[in-house]
There are 2 protein chains.
Amino acid sequence: MRSVVIVGHGPAGISAAIYLKRSNIDVLVIGKDLGALSGYHDLIENYYGLSEPVSGETLIKNGIKQAIDMGIELLFDDVIALMEIDGGFRIKTKTTFYEAKTVLLATGKVRTGLNITGFAKYRGKGISMCATCDGYFYRNKRVGIVGSGHYMMHELEYLNRISEEVIVFTNGKPLTVEVHQQVIEEPLVAFLGEQKLTHVQTAVKNYPLDGVFLAIGAPSSLEFASQLGVIVDKGSVVVDQNYQTNVSGLFAAGDIIGGKLQISKAVFDGMNVADSIVSYLKSNN
Amino acid sequence: MRSVVIVGHGPAGISAAIYLKRSNIDVLVIGKDLGALSGYHDLIENYYGLSEPVSGETLIKNGIKQAIDMGIELLFDDVIALMEIDGGFRIKTKTTFYEAKTVLLATGKVRTGLNITGFAKYRGKGISMCATCDGYFYRNKRVGIVGSGHYMMHELEYLNRISEEVIVFTNGKPLTVEVHQQVIEEPLVAFLGEQKLTHVQTAVKNYPLDGVFLAIGAPSSLEFASQLGVIVDKGSVVVDQNYQTNVSGLFAAGDIIGGKLQISKAVFDGMNVADSIVSYLKSNN
């Protein structure tokens, strides 16, 4: 079993990895494909030490290079699920899984929503971001899941256990995994209902549904946190002064824990959480 | 009167300046000559975002370039004294002075000591780092001052008021200012005494003295802090949660306030103290 798996290769994750490596702790960083960064073109001016402003994409890539040059193990994959096992955690990716005594959530705070009529209105009223958290409330009801890849398939497995009637909506995206349910590929147009969601409308027709679960792309730290029953307050993972969540051995740092959404703060978090993880590993050896 | 003068152009000072500038606050950064950095050759590996490890000297220079490129006013000079005036502070440098509503001390924690026999033993027992703090205890006694430049001259002016018998020891350095006291240029060899300092020994002879004040090079933040009666605990300037010292309008950040002596932490401090200074300026307008 590894000592630490860090989910996220941004400022908090890499900063933590650097400090852990220098403490002689074996650490694996799992981050998404770098292609996911292609939108970060804005120049960063307010992070100390850059002789020229760089784009977010360049900064992330520089950080990754820095980690690799230090001999830190880095993997580009989507983490799609996280579960507690005896003495630690199992981290499931698209292609394989890892086990570690501690996990650091540092994927940032971007949470995949949908810019579709009715999404904000029915979120929490029929629309859920976490099948393993909220699925139980929809047992034996008609549910849909929005997504097209491995994360969707992982969430779908859970939904299949609670309902026999699950429809997959790819929202215009090509399905990249194999499923046995009804698949609707046309784009979503609106979420409809009264007090609660009653229908999902696509470009073609209306589907009567009691609940819809989002599982687009790869899950954010908030979604992992939800899977494990981590306490979340106002959209931030709650951590103690050691950056540990209410789940022993599960740490979080960076934007995901709230505070200033600044690189300086994420990097500072990374430095501090590394120390906390070192202490945790020592006292739980 | 300016809004902010930052003393120190390292990670904390420049990070604060960047955030202040982006808040549209006029800010002047005063740092020492870059030549003073020539010893910082160790490579920095543990600061996030550097695609190649750089020396401390390069990082400081990159930070300075970053500030200048953003239009931040930067001055290379030695700050030799700091005093409270109506509505703010006067910051005296070797060549001129500035006035500002707030001052941020961010000069780091290097404190000039002397690697001379007896220094550690008699520090606080006849050897003082601050004439304006401790000079009064030596009124009308035989005192010496160690130093050769503007800071020494500034401290000497104070000592002249409390004692008629002050000897200047340049400790082998050429005197770069004009003084009217006895000047001893030979290197110091030892501090001698019993319970307290009684003599200063040079390569040539012994000088009977009751007290010796160090004023070598330019003063550190701790020495400025002492001049203003700032509370210092275990070698660190004490600040509140807003990075403000017990002197209203006087802030401190970086190594000088203790905690982890890491660039990440200094940069984080700089970001935070900038917000505090903005709030202070608003509420004291």
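Residues numbered from 1 in each chain as written. Chains lettered and ligands numbered in written order. Predicted model: local features only at pLDDT ≥ 70, side-chain atom pairs only at ≥ 80, totals over all residues. Heavy atoms only, no water.

Asks: What is the right way to look at the overall build of chain A in this model?
Replies: Counting its secondary structure elements, chain A contains seven helices and 19 strands. The principal-axis extents of the C-alpha atoms in chain A amount to approximately 55 × 45 × 35 Å. Scored against the burial criterion, the 285 residues of chain A give a buried share of 56%. The long-range fraction of contacts in chain A, counting pairs at least 24 apart against all pairs at least 6 apart in sequence, stands at 56%. Within the structure as shown, chain A displays about 12,500 Å² of accessible surface, and the carbon and sulfur contribution to it stands at 48%. If the 26 positive side-chain charges of chain A are averaged to one point and the 29 negative ones to another, these points end up 4 Å apart. (Helix = DSSP H or I, 4+ residues; strand = E, 2+ residues; numbered from the N terminus. Buried < 20%, exposed > 50% of the residue type's maximum accessible area, 1.4 Å probe, protein only. Contact = heavy atoms within 4.5 Å. Areas by Shrake-Rupley, 256 points an atom, 1.4 Å probe, with all protein chains shown as cover. Lys, Arg positive; Asp, Glu negative; His and termini not counted. Charge placed at Lys NZ, Arg CZ, Asp CG, Glu CD.)

Asks: Sorry, what's going on with helix α1 (residues 11-22) of chain B here?
Replies: Each α-helix turn comprises 3.6 residues. Residues three or four places apart therefore point the same way. Residue and element names in this part refer to chain B. Taking 1.5 Å per residue, twelve residues should reach 16 Å; α1 reaches 17 Å between its end C-alpha atoms and fits that length. Among the twelve residues of α1, ten are classified as buried, and the element is accordingly described as predominantly covered. Restricting attention to buried positions, one finds in α1 the residues Pro-11, Ala-12, Gly-13, Ile-14, Ser-15, Ala-16, Ala-17, Ile-18, Tyr-19 and Leu-20. Just beyond α1, the residue with positive phi is Asn-24, at close to 65°. (Expected span 1.5 Å × (residues − 1).)

Asks: Would you mind showing me how to read the pattern of salt bridges here?
Replies: Side-chain pairing between opposite charges can occur once the charged atoms of the two side chains come close. Tallied over the entire structure, the rule returns 20 salt bridges over all chains. In this structure, the salt-bridge partner of Asp-210 of chain B is Arg-142 of chain B, at a minimum N-O distance of 3.5 Å. Of this pair, Asp-210 of chain B sits in the loop between β15 (206-208) and β16 (211-214) while Arg-142 of chain B sits in the loop between α4 (131-134) and β10 (143-146), and the two are 68 residues apart along the sequence. Looking at Arg-142 of chain B, the relative accessible area reads 28%, which means it is partly exposed. Overlapping salt bridges, with partners in common, bring together Glu-52 of chain A together with Lys-65 and Asp-69 of chain B in one network. (Salt bridge = Lys/Arg side-chain N within 4 Å of Asp/Glu carboxyl O.)

Asks: Even after reading the chapter, I still don't get the sheet that holds strand β14 (residues 197-202) of chain A, so can you show me in this structure?
Replies: Where strands meet in a sheet, backbone hydrogen bonds hold them as pairs that are either parallel or antiparallel. All names here are of chain A. Strand order in the open sheet formed by three strands is β13-β14-β15, and the pairing between neighbours is antiparallel. Edge positions in the sheet fall to β13 (188-193) and β15 (206-208), since each of these pairs with one other strand and no more. Adjacent strand axes in the sheet meet at a mean angle of 25° when their direction is disregarded. Bridge count for β14 against β15 is three bridges, and the pairing is antiparallel. Each bridged residue has a counterpart across the sheet, and for His-199 the counterpart in β15 is Pro-208. (Pairing = 2+ DSSP bridges. Axes fitted to C-alpha atoms, helices over the stretch in contact; angles between N-to-C directions.)

Asks: I tried to follow the packing of aromatic side chains on my own but got confused; where do I start?
Replies: What characterises a pair of aromatic rings is the spacing of the ring centres plus the angle enclosed by the ring planes. Per the counting criterion, the structure on display carries twelve aromatic pairs over all chains. Between Phe-268 of chain A and Phe-268 of chain B the ring centres are 3.6 Å apart and the planes differ by 5°, which places this aromatic pair in the stacked class. On the criterion of chain membership, the pair formed by Phe-268 of chain A in helix α7 (residues 263-283) and Phe-268 of chain B in helix α7 (residues 263-283) is interchain, its members lying in two chains. Since its relative accessible area comes to 14%, Phe-268 of chain A is described here as buried. (Phe/Tyr/Trp six-rings, centres within 6.5 Å; stacked < 30°, edge-to-face > 60°.)

Asks: Explanation requested: the relation of the copies chain B and chain A in the structure shown.
Replies: Each copy of the chain is related to the other by a rotation around an axis and a translation along that axis. Take chain B, turn it by 180°, move it 0.0 Å along the axis, and it overlays chain A with an RMSD of 0.1 Å. Taken together, these values place the two copies in the relation of a two-fold axis. Among all C-alpha atoms of chain B, that of Phe-268 of chain B lies closest to the rotation axis, at 3.1 Å. Most of the interface of chain B is mirrored in chain A: 100% of its interface residues are interface residues there too. (Least-squares fit on C-alpha atoms with pLDDT ≥ 70 in both.)

Asks: Would you mind going over the sheet that holds strand β13 (residues 188-193) of chain B with me for this structure?
Replies: Residue and element names in this part refer to chain B. One open sheet holds the three strands; their spatial order is β13-β14-β15, and the pairing between them is antiparallel. The strands lining the two open edges of the sheet, one partner per strand, are β13 and β15. When strand polarity is set aside, the average angle formed by the axes of neighbouring strands in this sheet is 25°.

Asks: Would you mind going over the environment of Ile-25 of chain B with me for this structure?
Replies: Residues and elements named next belong to chain B. Structurally, Ile-25 is set in the loop between α1 and β2 (27-31). Along the chain, Ile-25 and Leu-281 lie 256 residues apart, while their C-alpha atoms are 9.3 Å from each other. If sequence neighbours within four positions are ignored, Ile-25 has contacts with Ser-3, Val-4, Leu-20, Val-278 and Leu-281.

Asks: Is there a simple way to think about helix α2 (residues 56-69) of chain A in this case?
Replies: Residues and elements named next belong to chain A. Helix length check: α2, at 14 residues, gives a terminal C-alpha distance of 20 Å against a target of 20 Å (1.5 Å per residue), a fit within 8%. The set of residues buried in α2 consists of Gly-56, Glu-57, Leu-59, Ile-60, Asn-62, Gly-63, Ile-64, Gln-66 and Ala-67. Against α1 (11-22), β3 (43-44), β4 (54-55), β5 (73-76) and α7 lie the buried residues of α2. Gly-71 lies just past α2 and shows a positive phi near 85°.

Asks: What am I meant to see in the interface of chain B and chain A here?
Replies: With 32 residues of chain B at the interface, the matching set in chain A holds 32 residues. Interface of chain B and chain A: buried area, both sides summed, is about 3,000 Å²; carbon and sulfur atoms make up 54% of it. At the junction of chain B and chain A, the tally comes to six salt bridges. A salt bridge links Glu-45 of chain A to Arg-22 of chain B; its shortest N-O distance comes to 3.3 Å. Here chain B is connected to chain A by 25 residue pairs in polar contact (both at pLDDT 80 or more). Breaking the side of chain B that touches chain A down by element, the ones donating at least two residues are α1, α2 (56-69) and α7 of chain B. Residue composition of the side of chain B that touches chain A, grouped by class: 13 nonpolar, eleven polar and eight charged. (Buried area = accessible area lost by both parts, 1.4 Å probe. Polar contact = N/O pair within 3.5 Å; in protein donor to acceptor, adjacent residues only side chain to side chain. Nonpolar A, V, L, I, M, F, W, Y, C, P; charged D, E, K, R; others polar.)

Asks: It is not clear to me how the environment of Asn-242 of chain B should be interpreted in this structure. Could you clarify?
Replies: Residues and elements named next belong to chain B. Here Asn-242 shows up in the loop between β18 (236-237) and β19 (250-252). Distance from Asn-242 to Ala-253, taken between C-alpha atoms, is 10.0 Å for residues eleven residues apart in sequence. Apart from the residues within four sequence positions on either side, Asn-242 is in contact with Phe-251, Val-273 and Ser-276.

Asks: Which parts of the structure should I look at to understand the side chain of Asn-62 of chain A?
Replies: Topologically, Asn-62 of chain A is positioned in helix α2. Excluding its chain neighbours within four sequence positions, the residues that come into contact with Asn-62 of chain A are Gly-49, Leu-50 and Ser-51 of chain B.

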